[in-house]
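What follows is the residue order along each chain.
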Amino acid sequence: QKEVEQDPGPLSVPEGAIVSLNCTYSNSAFQYFMWYRQYSRKGPELLMYTYSSGNKEDGRFTAQVDKSSKYISLFIRDSQPSDSATYLCAMSAWNTGNQFYFGTGTSLTVIP
Amino acid sequence: DAGVTQSPTHLIKTRGQHVTLRCSPISGHKSVSWYQQVLGQGPQFIFQYYEKEERGRGNFPDRFSARQFPNYSSELNVNALLLGDSALYLCASSLLGGSTDTQYFGPGTRLTVL
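Okay, so let's go over this structure.

### With respect to the pattern of salt bridges
Working definition: two side chains of opposite charge can pair if their charged atoms are close together. Taken as a whole and judged by the stated rule, the model has eight salt bridges over all chains. For arginine 37 of chain A, the salt bridge identified is with glutamate 45 of chain A, shortest N-O distance 3.3 Å. Among the charged side chains, a network of salt bridges with common partners joins Arg22, Arg67 and Glu75 of chain B.

### Re the sheet that holds strand β3 (residues 19-24) of chain B
Backbone-to-backbone hydrogen bonds join strands into a sheet, with any given pair of strands oriented parallel or antiparallel. All names here are of chain B. Reading across the sheet, the four strands line up as β1-β3-β8-β7 and stay open at both edges, with antiparallel pairing between neighbours. Strand pairing shows two members of the sheet lacking a second neighbour, β1 (5-7) and β7 (64-68), which therefore form its edges. With direction set aside, neighbouring strand axes in the sheet form an average angle of 15 degrees. Here β7 pairs with strand β8 (residues 74-78) via five bridges, running antiparallel. Counted as the bridge partner of alanine 66 is leucine 76 from β8.

### Notes on the nonpolar core
Phe30, Trp35, Ile72, Leu74, Ile76, Tyr87 and Met91 of chain A are the most contacted members of the largest nonpolar core, which has 27 residues in total. Secondary structure elements with two or more residues in this core: β3 (19-25), β4 (32-38), β5 (45-50), β7 (61-66), β8 (71-76), β9 (85-92) and β11 (106-111) of chain A. Excluding anything up to four places from it in sequence, methionine 91 of chain A contacts Val4, Tyr25, Phe30, Tyr32, Phe33, Met34, Ile72, Gln99, Phe100 and Tyr101 of chain A. Leu11, Leu21, Cys23 and Val32 of chain B belong to the second largest nonpolar core, which has 22 residues in total.

### Section: the interface of chain B and chain A
Accessible area lost on assembly of the parts is the figure often given for the size of an interface. Contact with chain B, which involves 23 residues of that partner, is made by 23 residues of chain A. Contact between chain B and chain A buries roughly 1700 Å² in total, counting both sides, with carbon and sulfur atoms accounting for 51%. Area buried by chain B at its contact with chain A is led by Ser99, Thr100 and Phe105 of chain B, which between them contribute 29% of it. Where chain B packs against chain A, one counts zero salt bridges. Applying the counting rule to chain B against chain A returns five residue pairs in polar contact (both at pLDDT 80 or more). Breaking the side of chain B that touches chain A down by element, the ones donating at least two residues are β4 (31-37), β5 (44-50), β6 (53-57) and β9 (87-94) of chain B. When the residues that make up the side of chain B that touches chain A are grouped by side-chain class, the tally is seven nonpolar, 13 polar and three charged.

### Digging into the state of the cysteines
Residue and element names in this part refer to chain A. Applying the stated criterion to the full structure yields two disulfides over all chains. There is a disulfide in this structure between cysteine 23 and cysteine 89, and the S-S distance comes to 2.0 Å. A torsion of -100 degrees about the S-S bond marks the disulfide between cysteine 23 and cysteine 89 as left-handed. Of this pair, cysteine 23 sits in strand β3 while cysteine 89 sits in strand β9, and the two are 66 residues apart along the sequence. Take cysteine 23 and cysteine 89: they sit in the same class, and that class is buried.

### Things to note about the pairing of strand β11 (residues 109-113) of chain B
Residues and elements named next belong to chain B. With respect to burial, β11 is a largely interior element, four of its five residues being buried. Judged from the four bridges that link them, strand β2 (residues 10-13) and β11 form a sheet pairing that is parallel. What sits directly across from histidine 10, in β11, is arginine 110. In terms of strand pairing, β9 meets β11 through three bridges, oriented antiparallel. By the bridge assignment for β11, tyrosine 89 is matched with threonine 109.

### Here we look at the side chain of arginine 63 of chain B
Residue and element names in this part refer to chain B. Mapped onto the fold, arginine 63 is located in the loop between β6 and β7. A polar atom in the side chain of arginine 63 sits 3.2 Å from the backbone oxygen of alanine 80. Among the polar contacts listed, one links the side chain of arginine 63 to the side chain of aspartate 85, at a separation of 2.8 Å. In this view, arginine 63 contacts Asn77, Val78, Asn79, Ala80, Leu81, Leu82 and Asp85; residues no more than four positions away in its chain are not counted.

Rules used in this analysis
- Residues numbered from 1 in each chain as written.
- Chains lettered and ligands numbered in written order.
- Predicted model: local features only at pLDDT ≥ 70, side-chain atom pairs only at ≥ 80, totals over all residues.
- Heavy atoms only, no water.
- Salt bridge = Lys/Arg side-chain N within 4 Å of Asp/Glu carboxyl O.
- Pairing = 2+ DSSP bridges.
- Helix = DSSP H or I, 4+ residues; strand = E, 2+ residues; numbered from the N terminus.
- Axes fitted to C-alpha atoms, helices over the stretch in contact; angles between N-to-C directions.
- Core = buried A, V, L, I, M, F, W, Y, C linked by side-chain atoms within 4.5 Å.
- Buried < 20%, exposed > 50% of the residue type's maximum accessible area, 1.4 Å probe, protein only.
- Contact = heavy atoms within 4.5 Å.
- Buried area = accessible area lost by both parts, 1.4 Å probe.
- Polar contact = N/O pair within 3.5 Å; in protein donor to acceptor, adjacent residues only side chain to side chain.
- Nonpolar A, V, L, I, M, F, W, Y, C, P; charged D, E, K, R; others polar.
- Disulfide = S-S within 2.5 Å.

As structure tokens, this is what we get:
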């Protein structure tokens, strides 16, 4: 079983739609949760991070963590064509040797 | 302020050859991590260095090695290249390299092994 599971998509939505991206994980020690955005042939860019269960909002983006279910989500409101990218979830724990564990990434296309 | 820089951008090698990839972290950051990203997959952790010491190693063969220099820049070396080593190699820098320390990625070096 992989440490982090993420539906690879691809996901295609019309402009203005609400997008929901999800990851599940197996290591209950994970404490730091991140979402990265990666454009084609570029390095990942940090979007949001959170330490605890609950919601964290930043503009059109909301990160949600449910530690009891080992499930994290990223919601994008009013999606724009410029949001078209691959979204990677990542997580780490005090007992994982400082390495980050990434999901496979979900490819998102927002159609104008 | 410059972000993480990596060189070269692209590289083509043949099987059995050796390759060296380079990374310069964000100014003030003391930790560098290396990741391998195969097409269609998420990044896989290779190494982490902090203050020139190896702090972590992922599940990669001994053909992969790295080092960090006094100016905190880093090199990743891969010997005896295999076709399966073709990937985007990403360098990430962080302030101290802790498990909750944000990592900032460079643009990557795309390695193709023929």
